[in-house]
Amino acid sequence: MKRWAKIVISGVAVLAIGVGAYAYSIYRPVVDTMASIYEPLESDVAAGSADPAAQGGSVTASVGNAGAQQAAQELPADLSETKPFNLLVLGVDERENDVGRSDAIMMLAVNPQKRSVLMFNIPRDTRTEIVGRGTVDKINHAYAFGGVNMSVNTVEQFLDVPVDYYVKVNMEGLERIIDILGGVTVDNPFEFDFEGTDYKKGLIDMNGHEALMYSRMRYDDPKGDIGRNDRQQLVLSALIEKGKNISNLTKVNALLDAVKDNVKTNLTKDDMMDIVTKYRTEIDSVEKDEVQGSGKKIDGIYYYIVDDAEKTRIRAELTNQLQNGDS
């Protein structure tokens, strides 16, 4: 073989090894992170849909079996086939010596055939039965009483719709994730001051701390908790857009560390890879809705009351969003 040909082949081999090593250096931490944040629901185990190969996951505290019985009858949507699915996002305020509460309870219905996501919050003060406890209370207390399992079971009963997947995010960790992504931009509907920051009306750029405070402000909003929900949706929508367009690989390791420390989900690593490779580019719009209701004090405690007609409306919107385009 001629000397120049050997040099070319050797150069290609070295380049291939280098590229392969770099790809593995990126791939391995991603897979490790996906495995470490995996935490199946009790209903996943009962239905046989938990991933036995996932490492670092565990089934959380035992609570009730209503959700498990329901899920055992129907497995979550198969993401490998790019099926529509719903995702419950729990934004949890967990602080030292406190079990925490789900400050944000957000449902996303993802339909790649319709190229859209339907997003709505369930106000945290919503009065409903806490499944597995046998009491009626604020819906965000389900997490304090029984963690993610009780929260999911309670939301399923409230909406009368099975939850396919959940993601639990520590709200303090959200600040770190936003900073790594370079902040978020939202169209703020009205000007207000909160925690030393002036949030102007219109398009505003926010770092992680500013975005976290922006999503927490409640009492100075003319819409109260509904307005707070609206701002949480604005921040999440902005994050979705940033996530779709992330291109700076130097941020990957920092982002993985932040996710590992602050996120739990029953999405397996294969599910997450399917979302990245098959769903990410198929979504063009995020449509927002809100759960309508009214405030009422019962025995001196404030609740958000949602009547049966509104539950039926939200359930219909959610069901319609999850239907295939040809159905």
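Here the structure is a predicted model, which is why all the values come from computation and not from measurement.

Calculation notes
Residues numbered from 1 in each chain as written. Predicted model: local features only at pLDDT ≥ 70, side-chain atom pairs only at ≥ 80, totals over all residues. Heavy atoms only, no water. Phe/Tyr/Trp six-rings, centres within 6.5 Å; stacked < 30°, edge-to-face > 60°. Helix = DSSP H or I, 4+ residues; strand = E, 2+ residues; numbered from the N terminus. Buried < 20%, exposed > 50% of the residue type's maximum accessible area, 1.4 Å probe, protein only. Lys NZ or Arg CZ within 6 Å of the ring centre and 35° of its normal. Core = buried A, V, L, I, M, F, W, Y, C linked by side-chain atoms within 4.5 Å. Contact = heavy atoms within 4.5 Å. Arc of directions from axis to C-beta. Polar contact = N/O pair within 3.5 Å; in protein donor to acceptor, adjacent residues only side chain to side chain.

Describe in detail the packing of aromatic side chains, supporting the description with residues and values.
Going through the model one piece at a time under the given rule, you end up with six aromatic pairs. An angle of 85° between the planes, with centres 5.3 Å apart, marks the rings of phenylalanine 85 and tyrosine 279 as edge-to-face. Placement of the pair is phenylalanine 85 in strand β1 (residues 85–93) and tyrosine 279 in helix α9 (residues 269–279), with a sequence separation of 194 residues. Accessibility classification places phenylalanine 85 together with tyrosine 279 in one group, the buried group. Its guanidinium or amino end placed over the ring of phenylalanine 145, arginine 133 lies 3.7 Å from that ring's centre, counting from NZ or CZ.

Talk me through the nonpolar core; I want residue IDs and the actual numbers.
In terms of nonpolar packing, the biggest core is built from 48 residues, with Phe85, Leu87, Leu108, Met206 and Tyr214 touching the most fellow members. With near-sequence residues (within four places) excluded, tyrosine 214 lies in contact with Val186, Asn188, Pro189, Phe192, Tyr199, Ile204, Met206, Arg231, Leu234 and Val235. Leu41, Val152, Val291 and Tyr304 belong to the second largest nonpolar core, which has 26 residues in total.

For helix α5 (residues 171–180), give the residues involved together with the corresponding values.
Buried residues of α5: Met171, Gly173, Leu174, Ile177, Ile178 and Ile180, and no others. Mapping the buried residues of α5 onto a view down its axis gives an arc of 155°, with all of them on the same face. The opening residue of α5, the one whose side-chain oxygen lies 3.0 Å from the backbone nitrogen of glutamate 172, is asparagine 170. The first or second residue beyond α5 is glycine 182, which carries a positive phi of 90°.

Just give me the short version of unusual backbone geometry, but keep the residues and values in it.
With phi around 60°, arginine 115 is a residue other than glycine that occupies positive phi space. Along the chain, arginine 115 falls in the loop between β2 (101–111) and β3 (116–121). The class of arginine 115 is partly exposed, set by a relative accessible area of 30%. Despite not being glycine, aspartate 160 has its phi angle at roughly 55°, a positive value. Inspection of the secondary structure puts aspartate 160 in the loop between α4 (141–159) and β6 (165–170). Taking the relative accessible area as the measure of exposure, aspartate 160 reaches 49% and is therefore partly exposed.

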